[in-house]
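Structure assessment
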Amino acid sequence: MCHQMALEQESKAKEKASQSTPTSGGSSPAVQVPNAGGSSIGHMREANVPIIWVLGGPGCGKGTQCEKIVAKYNFSHFSTGDLLRDEVGSGSEKGKELQDMMKQGILVPNETVLKLLEAAMVKALNGTVGYLIDGYPREPAQGPEFEKFIAPVDIVLYFECSNETLVARIMKRAAQSATVRADDNEETLKTRIATFRENTEKILVQYPSQLRRINAERAPEEIFADVEKAIDELLASKKK
């Protein structure tokens with residue numbers, strides 16, 4: 001069954017469960033939906049696990065901040081870039097297609113990204129404290145699709161940097177790396193940043209109450225202090 005059909009079935013299952021949930025007294029069992037392997041999992045929406053989207057331009061330092069978050073809060077960290085590069089590294093036909101897109105700075109189809117994210121989140125569901133989704137959504141339509149088929153986002157961490165800072169940081173990273181990424185070159189950088197700027201504000205305006213803007217021009221420790229405040233508030237609200 002194709003991924004789109006699976007998503008449609010999951011959506012119907014959610015709607016049916018919503019209609020049958022009692023309004024008072026007791027609790028209904030978690031909705032069971034099939035994963036890619038055919039087994040059943042507890043519905044992530046029912047699990048009420050904290051979900052954080054982490055956004056920022058290439059070189060903004062969100063990778064460093066995600067490491068700090070995982071170390072302190074024990075969240076499950078999923079980078080859409082890493083998931084895509086893992087697929088490229090597998091040598092599959094899909095991986096070759098993705099590699100060509102990445103070299104050109106073209107956004108990968110959302111169905112592919114969402115499928116990779118869904119599989120990673122399902123795998124970690126039973127033991128995770130929370131989800132840290134790094135680099136998603138990348139365009140306005142992706143957020144609503146994620147929330148419809150997986151679960152609502154709790155907060156959106158947006159690390160703000162100037163274009164000059166982004167270029168300087170990423171070129172420094174490329175110069176110091178033994179393995180140069182396909183998308184770490186001047187021409188592709190311009191495309192990536194332009195695409196990022198075009199889409200990001202359209203994404204952020206959809207989530208005014210969840211949005212946390214963070215100045216990422218500072219030292220990592222200063223940035224993380226703001227990150228801690230946002231996450232501590234989120235976890236406290238989940239316990240109420």
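Conventions adopted
- Residues numbered from 1 in each chain as written.
- Predicted model: local features only at pLDDT ≥ 70, side-chain atom pairs only at ≥ 80, totals over all residues.
- Heavy atoms only, no water.
- UniProt positions renumbered as here; feature names shortened; annotations may be inferred.
- Axes fitted to C-alpha atoms, helices over the stretch in contact; angles between N-to-C directions.
- Helix = DSSP H or I, 4+ residues; strand = E, 2+ residues; numbered from the N terminus.
- Parallel < 35°, antiparallel > 145°, perpendicular 65-115°, else oblique.
- Left-handed = near helix turned anticlockwise from the far one by under 90°.
- Contact = heavy atoms within 4.5 Å.
- Nonpolar A, V, L, I, M, F, W, Y, C, P; charged D, E, K, R; others polar.
- Core = buried A, V, L, I, M, F, W, Y, C linked by side-chain atoms within 4.5 Å.
- Buried < 20%, exposed > 50% of the residue type's maximum accessible area, 1.4 Å probe, protein only.

An unreviewed UniProt entry lists the chain under the name Adenylate kinase, with Anopheles christyi given as the organism. Per its UniProt entry, the chain bears the Sequence similarities (unreviewed entry) comment "Belongs to the adenylate kinase family."

A word on the packing of helix α3 (residues 62-73) against helix α10 (residues 220-239)
In the contact formed by α3 and α10, the axes pass within 10 Å of each other and the chain directions differ by 50°. Looking at the two axes, α3 sits oblique to α10. Between α3 and α10 the crossing geometry is right-handed. Across from Thr64, Gln65, Lys68, Ile69, Lys72 and Tyr73 in α3, the residues of α10 making contact are Pro220, Glu221, Ile223, Phe224, Val227, Glu228, Ile231, Asp232 and Leu235. Split into classes, the residues belonging to the contact of α3 with α10 amount to 8 nonpolar, 2 polar and 5 charged.

Quick word on the nonpolar core
Ile51, Met121, Tyr131, Ile133 and Phe146 are the most contacted members of the largest nonpolar core, which totals 34 residues. For this core, the secondary structure elements donating two or more residues are β3 (51-56), α4 (80-89), α5 (93-104), α6 (110-124), β5 (131-134), α7 (142-149), β6 (155-160) and α9 (186-204). Considering each element in turn, this core owes the most residues, 6 residues, to α6. If near-sequence neighbours (up to four positions away) are discounted, Tyr131 is found in contact with Met44, Val49, Pro50, Ile51, Ile52, Phe75, Ser76, Phe78, Met121, Ala124 and Leu125.

A word on the environment of Lys68
By the secondary structure assignment, Lys68 is in helix α3. For the pair Lys68 and Pro220, spaced 152 residues apart in the sequence, the C-alpha separation amounts to 9.4 Å.

Some points on the packing of α4 against α5
Two elements in contact, α4 and α5, have axes separated by 7 Å at closest approach and are oriented at 125°. Judged by the angle between their axes, α4 and α5 are oblique. Of the two possible hands of crossing, α4 and α5 adopt the one that is left-handed. Here Leu84, Arg85, Glu87 and Val88 of α4 come into contact with α5, specifically with Lys94, Gly95, Leu98, Gln99 and Met102. Classifying every residue of the contact of α4 with α5 gives 4 nonpolar, 2 polar and 3 charged.

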